[in-house]
Amino acid sequence: MFKRTLFLSAGLVMALGLAVPAAAQNVDGVARPAWAPSGLPDRVVLSPGADAARQMAVAWRTDARQADAVAEIVEAIDGPAFESRARTVDGLSTDGVVRGGQGRYHTVRFTDLKPGAGYLYRVKGADGWSEWLSFRTAADDAAPFRILYFGDTQNSILSKGARTIRAGLMRTSPDVVIHAGDLTGRSHDWEWGEWTAAGGYGYAMVPQIPAAGNHEYSDDDDGRRRLGPLWAAQFALPENGAEGVVETSYYTDYQGVRFIVLDGTTGTSLDALDAQTRWLDRTLASSTARWNIVIQHQPIYTCARPNDTEALKAAWEPIYRARNVDMVLQGHDHCYSRITDGDGKASGEARRAQGAAQGPVYVVSVAGPKMYGLNDRALTQPDRVAADTQMYQTIDVEAGRLRYRAYTVSGVLYDAVDVVRAADGTKTLREPVETLPPLRLCDGDVGPDRAPCVGSAK
């Protein structure tokens with residue numbers, strides 16, 4: 001199993017993607033750093049292609065002097081004399097000002113790569129290139145690897161959300177990273193500056209699989225909700241999604257897992273539910289992957305809101321069951337929950353005791369500091385729940401097992417479950433850790449750390 005070690009010191013982790021702030025911008029009456037671009041690349045984010053064994057892509061930003069998207073790539077060797085073998089790859093460049101940002105945004109897609117191979121790449125700015133950055137393509141066949149999963153960052157991204165991102169990257173050495181939406185609060189340019197600074201060169205070296213949340217959208221003067229224009233500039237995602245939702249729905253095959261990303265906001269607010277539902281069913285039906293994992297922002301089962309996301313639940317949950325989806329990774333609720341049986345924790349425990357086959361595992365988590373209070377089902381429906389807790393999660397993919405682990409931001413193991421697949425394809429769930437910490441709950445105005453409870457009711 002390929003492991004990459006990220007030496008993410010507090011200074012170095014910000015070196016890539018952190019431009020020197022210029023004059024402050026006034027946003028909603030608050031002065032925000034302008035995060036001005038320069039002649040050197042910043043905001044470099046790597047993402048997988050549809051076939052991650054042969055395709056990767058990169059997006060980055062420069063000032064307006066760099067008119068073209070240019071990158072170089074070479075298969076990695078252990079010595080330093082690799083530059084002469086590098087090939088140049090051109091891509092697409094767009095005006096960042098037109099998109100509500102600054103400078104120019106660039107995307108390049110790397111194709112015809114070798115499966116399971118290490119590569120070095122760099123991207124161009126008017127005053128020079130980025131450093132050489134490394135990645136490894138997925139293996140051609142199923143093989144073990146590690147997923148790192150984050151819920152919403154959204155608010156105070158750099159000041160408080162970054163510690164979760166960096167803790168996850170430093171402690172887990174992931175092969176891919178999932179973001180379950182609401183990466184930013186309102187998709188402002190300065191927020192994307194904070195988000196890319198939070199992950200630094202980890203985002204540039206480990207493939208990122210983001211889902212769009214409702215906060216990646218805004219309501220225009222005509223009352224119609226629209227995707228923030230910087231989303232498509234910030235990522236170079238696979239272009240294989242549902243009709244009308246190609247910027248925010250897609251799938252990627254990575255080493256025996258098909259990751260399917262859905263856009264719940266267009267499903268609930270923009271009349272794109274039917275198109276995504278048809279696409280979801282087709283994409284699962286065509287999957288030959290050993291495991292199928294769905295990423296969406298709005299949860300099927302909520303842990304904070306009074307009601308579940310009924311439109312998505314009615315349309316998508318039957319497909320998840322019929323097509324044998326293994327996990328559904330979500331955000332939006334700003335609390336933590338793991339649900340393995342929609343009928344409740346007791347029902348799930350009884351089914352597991354009988355050795356009954358299990359359906360998808362539904363997880364909701366939050367990486368940033370914004371918290372909501374738990375709903376009235378939170379102590380009976382989820383198998384495990386937490387309030388007022390910043391968390392990150394890992395999933396170790398094996399031939400017959402998904403090893404799911406949830407950690408508090410300080411690195412405490414908070415939840416654990418294994419999804420075990422038998423030879424006939426049936427799945428059972430095992431909770432491998434006998435003793436976990438007490439549930440992290442608020443008691444009135446007092447939070448689980450004996451600090452003030454910040455979770456507000458929905």
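The coordinates are above.
The numbers attached to residues start from 1 for each chain and follow its sequence in the written order. This being a predicted model, a pLDDT of at least 70 is required before a residue's local features are given, and a value of 80 or more before pairs of side-chain atoms are given or counted; all residues contribute to the totals for chains, interfaces and linings. No hydrogens and no water enter the side-chain calculation; it runs on all heavy atoms of the structure.

Caption draft 1: Structural context of the state of the cysteines. Throughout, a disulfide means two cysteine sulfur atoms within 2.5 Å of one another. On inspection of all chains with the given rule, the structure shows two disulfides. A disulfide bridge connects C303 with C335, and the sulfur atoms are separated by 2.0 Å. Judged by the sign of its S-S torsion, about 100°, the bond between C303 and C335 is right-handed. With C303 in the loop between β19 (291-295) and α6 (310-322) and C335 in the loop between β20 (327-330) and β21 (336-339), this pair connects stretches of sequence that are 32 residues apart. Relative accessible area serves as the criterion here: at 0%, C303 is assigned to the buried category. A helix here means a DSSP run of H or I that spans at least four residues, while a strand means a run of E at least two residues long, and both kinds are numbered starting from the N terminus. Each residue is assigned to one of three classes by its accessible area relative to the maximum for its type, calculated with a 1.4 Å probe on protein chains only: buried under 20%, partly exposed between the two thresholds, exposed over 50%.

Caption draft 2: Local environment of the side chain of S287. Its place among the elements puts S287 in the loop between α5 (273-285) and β19. Residue class for S287 comes out buried when judged on its relative accessible area of 15%. Think of a polar contact as two N or O atoms within 3.5 Å of one another; within protein, one of them needs to be a possible hydrogen donor and the other a possible acceptor, and neighboring residues in sequence only count if both atoms come from side chains. Among the polar contacts listed, one links the side chain of S287 to the backbone nitrogen of A289, at a separation of 3.2 Å. In this structure the side chain of S287 is engaged in a polar contact, spanning 2.8 Å, whose partner is the side chain of N292. In what follows, a contact means two residues having at least one pair of non-hydrogen atoms within 4.5 Å. Setting aside residues up to four positions removed in sequence, S287 forms contacts with R258 and N292.

Caption draft 3: Summary view of the sheet that holds strand β18 (residues 257-261). For two strands to pair, DSSP has to find at least two bridges joining them. With mixed pairing, the seven strands of this open sheet are ordered in space as β17-β18-β19-β20-β22-β21-β23. Each edge of the sheet is formed by a strand with only one pairing partner; in this case those strands are β17 (250-254) and β23 (384-386). Here the strands of the sheet are splayed against their neighbours by 15° on average, with no regard to which way each runs. Direction of pairing for β17 relative to β18: antiparallel, over a ladder of five bridges. Looking across to β18, one finds that D253 is bridged to R258. The sheet strands contacting α5 are β17, β18 and β19, and the helix crosses β18 at an angle near 175°. Note on geometry: axes are C-alpha line fits, over the in-contact stretch for helices, and angles between N-to-C directions span 0 to 180 degrees.

Caption draft 4: Geometry of the packing of α5 against α6. Across the interface, α5 lies against α6 with an axial gap of 10 Å and an inter-helix angle of 10°. The angle between α5 and α6 falls in the class roughly parallel. Here α5 and α6 pass one another in a crossing that is right-handed. For the pair α5 and α6, contact is made by L273, Q276, T277, L280, D281 and L284 and by A311, L312, A315, W316, I319 and Y320, respectively. Should an angle fall under 35 degrees it is called roughly parallel, over 145 degrees roughly antiparallel, and 65 to 115 degrees roughly perpendicular, with every other angle called oblique. With the far helix as reference, a near helix turned anticlockwise by less than a right angle produces a left-handed crossing, and one turned clockwise produces a right-handed crossing.

Caption draft 5: Up close: the nonpolar core. Core analysis: the biggest nonpolar cluster contains 81 residues, and F110, Y121, F135, I147, F259 and M327 have the highest contact counts within it. It is helix α2 (residues 189-205) that provides the largest number of residues to this core, a total of six residues. Among all residues touching M327, those that are not within four sequence positions of it are N292, I293, V294, V361, V363, I395, L402 and Y404. As used here, the term nonpolar core means buried Ala, Val, Leu, Ile, Met, Phe, Trp, Tyr and Cys residues forming a set that is joined through side-chain atoms within 4.5 Å. Within the second largest apolar cluster, 21 residues are counted, among which are W279, L280, V294 and Y362.

Caption draft 6: Focus on the pairing of strand β5 (residues 70-75). Counted residue by residue, β5 has five buried out of six residues, so it is predominantly covered. As defined by bridge partners, β5 adjoins strand β6 (residues 87-90) across four bridges and the pair is classed as antiparallel. Residue pairing in the sheet places E72 in a bridge with T88 of β6. The pairing of β5 with strand β9 (residues 118-125) spans five bridges and is classified as antiparallel. By the bridge assignment for β9, I73 is matched with Y121.

Caption draft 7: Highlighting the side chain of T172. Locating T172 in the fold gives a position in helix α1 (residues 157-172). Of the polar contacts made by the side chain of T172, one reaches the backbone oxygen of G168; its length is 2.6 Å.

Caption draft 8: Main features of empty space enclosed by the protein. Using only the protein atoms, space was sampled on a 1 Å grid; points where a 1.4 Å probe fits but cannot get out form cavities, open sets with protein on both sides within 12 Å along at least five of seven lines form pockets, and lining residues are those with an atom within 4 Å of a point. Grid points are joined across faces, edges and corners, and a volume is the space filled by probe spheres set on the points. Applying the stated rule across the entire model yields one cavity of 30 Å³ or more. Taken as a whole, the largest cavity spans an internal volume of roughly 30 Å³. Taken together, Y301, R321, T340, D341, G342, G359, P360 and Y362 make up the lining of the largest cavity. Residues are grouped as follows: nonpolar covers Ala, Val, Leu, Ile, Met, Phe, Trp, Tyr, Cys and Pro; charged covers Asp, Glu, Lys and Arg; every other residue, Gly included, is treated as polar. Counted by class, the lining of the largest cavity contains three nonpolar, three polar and two charged residues.

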